[in-house]
Amino acid sequence: MDKIILEIKDGDKVIKSQDIELKELNVWDDLKFNDLLLEHSRNLDKDLCIRAGKVVQLCTGMNDEELTKIGAEGILQLFPMIIQAKAKKK
């Protein structure tokens with residue numbers, strides 16, 4: 001499993017750091033991931049936070065409580081990091 005380090009900052013100061021493990025996706029989850037990215041590229045101006053949350057949850061297995069702890073800021077930081085990590089694997 002790949003890991004991503006999430007750092008939430010207040011200015012230049014890191015106020016929270018957390019290792020996030022990425023799941024190995026099965027073929028159906030990988031297809032769902034690709035569909036979410038296609039939807040994202042077609043609708044950049046709509047529902048970004050919801051799509052980002054779906055991608056983070058799909059790829060990390062985080063539950064609602066864990067997503068709440070990292071908040072919208074953490075979710076939006078993880079979204080592109082996950083896409084980059086998945087792109088490196090291919």
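Structure's up top.
Calculation rules
- Here the residue index of a chain counts from 1 through its sequence in written order.
- pLDDT decides what is reported in this predicted model: residues at 70 or higher carry local features, side-chain atom pairs at 80 or more are listed and counted, and totals for whole chains, interfaces and linings draw on all residues regardless.
- Note that water and hydrogens are dropped before the side-chain values are worked out from all heavy atoms of the structure.
- Every helix listed is a DSSP run of H or I at least four residues long, and every strand listed is a run of E at least two residues long, numbered separately from the N terminus.
- C-alpha atoms define the radius of gyration, and 2.2 Å times the number of residues to the power 0.38 defines the globule rule.
- Three labels apply to residues, based on accessible area from a 1.4 Å probe with only protein chains included: buried if under 20% of the type maximum, exposed if over 50%, partly exposed otherwise in between.
- The contact criterion used is simple: two residues touch if any of their non-hydrogen atoms lie within 4.5 Å.
- In this description, accessible areas are obtained by the Shrake-Rupley approach with a 1.4 Å probe, and a residue is regarded as covered only by the protein chains that are shown.
- A fitted line through C-alpha atoms serves as each axis, taken over the contacting stretch for helices, and the angle formed by two N-to-C directions is quoted from 0 to 180°.
- Should an angle fall under 35 degrees it is called roughly parallel, over 145 degrees roughly antiparallel, and 65 to 115 degrees roughly perpendicular, with every other angle called oblique.
- By convention the crossing between two helices is left-handed if the near helix lies anticlockwise of the far one by an angle smaller than a right angle, and right-handed if it lies clockwise.
- Ring pairs are drawn from Phe, Tyr and Trp, using the six-membered ring of Trp, whenever the two centres fall within 6.5 Å, and their geometry is named by plane angle: stacked under 30 degrees, edge-to-face over 60, tilted for the rest.
- Lysine and arginine charges are scored as sitting over a ring when NZ or CZ, respectively, is within 6 Å of the ring centre and within 35 degrees of the ring normal.
- By definition, no residue in a patch forms a salt bridge, and every one has over 30% relative accessible area; like charges are joined within 9 Å, nonpolar side chains (Val, Leu, Ile, Met, Phe, Trp, Tyr) within 5 Å.
- By definition here, a salt bridge exists when the distance from a side-chain nitrogen of Lys or Arg to a carboxyl oxygen of Asp or Glu is within 4 Å.
- A helix is expected to span 1.5 Å for every residue after the first.
- Any pair of nitrogen or oxygen atoms within 3.5 Å is treated as a polar contact; in protein, a donor-acceptor pairing is required on top of that, and neighbouring residues in sequence qualify only through side-chain atoms on both sides.
- The term nonpolar core refers to a set of buried residues drawn from Ala, Val, Leu, Ile, Met, Phe, Trp, Tyr and Cys, joined through side-chain atoms within 4.5 Å.

Novice: For this particular structure, what's the right way to read the overall build of the protein?
Specialist: The helix and strand inventory of the protein stands at 3 helices and 2 strands. Listed N to C, the secondary structure of the protein is β-β-α-α-α in terms of helices and strands. Here the C-alpha radius of gyration of the protein, 13 Å, is about what a compact globule of 90 residues would show, namely 12 Å. Counting over 90 residues, the protein shows a buried share of 31%. Contacts in the protein between residues at least 24 apart in sequence constitute 52% of all its contacts with a sequence separation of at least 6. Here the protein displays about 6100 Å² of accessible surface, and carbon together with sulfur accounts for 52% of that area.

Novice: Is there a simple way to explain the packing of helix 1 (residues 27-42) against helix 2 (residues 48-60) in this structure?
Specialist: Helix packing geometry: the angle between the two helix axes and the distance between the axes. Contact geometry for helix 1 and helix 2: axes closest at 10 Å, N-to-C directions at 160°. Judged on the interaxial angle alone, helix 2 and helix 1 are roughly antiparallel. Helix 2 is crossed by helix 1, and the crossing has left-handed handedness. On helix 2, the residues touching Asp29, Lys32, Phe33, Leu36, Glu39 and His40 of helix 1 are Leu48, Arg51, Lys54, Val55, Leu58 and Cys59.

Novice: Is there a simple way to explain the packing of aromatic side chains in this structure?
Specialist: The geometry of an aromatic ring pair is captured by the separation of the ring centres together with the interplanar angle, meaning the angle of the planes. Per the stated rule, a full pass over the model turns up 0 aromatic pairs. Lysine 86 extends its terminal NZ or CZ atom over the ring of phenylalanine 33, reaching a point 5.0 Å from the ring centre.

Novice: I'm lost on a nonpolar patch on the surface in this one. Help?
Specialist: Residues Val27, Trp28 and Leu31 make up a contiguous nonpolar surface patch of about 370 Å² in total accessible area. By secondary structure assignment, the location of tryptophan 28 is in helix 1.

Novice: Sorry, what's going on with helix 3 (residues 64-89) here?
Specialist: Every α-helix carries 3.6 residues per turn, so stepping three or four residues along brings you back to the same face. Relative to the 38 Å expected for 26 residues at 1.5 Å per residue, helix 3 spans just 27 Å between its end C-alpha atoms, considerably shorter than the ideal helical length. Considered for burial, the residues of helix 3 that qualify are Leu67, Ile70, Gly74, Ile75, Leu78, Phe79, Ile82, Ala85 and Lys86. The inward-facing, buried residues of helix 3 contact strand 1 (3-10), strand 2 (13-21), helix 1 and helix 2. Where helix 3 begins, one side-chain oxygen reaches toward the backbone nitrogen of glutamate 65, 3.0 Å away; that side chain belongs to asparagine 63.

Novice: Would you mind going over the side chain of arginine 51 with me for this structure?
Specialist: Position of arginine 51 among the secondary structure elements: in helix 2. Side chain to side chain, arginine 51 and histidine 40 meet in a polar contact 3.3 Å long.

Novice: Help me understand the nonpolar core in this model?
Specialist: For soluble globular proteins, nonpolar side chains are generally found buried alongside one another. Counting residues in each nonpolar core, the largest one holds 21 residues, and the members touching the most others are Phe33, Val55, Val56, Cys59, Ile70, Leu78 and Ile82. Counting residues per element, the ones that place at least two in this core are strand 1, helix 1, helix 2 and helix 3. Element by element, the count of residues in this core is highest for helix 3, at 7 residues. Excluding residues within four positions of it along the chain, phenylalanine 33 makes contact with Leu25, Val55, Leu58, Cys59, Ile82, Ile83 and Lys86.

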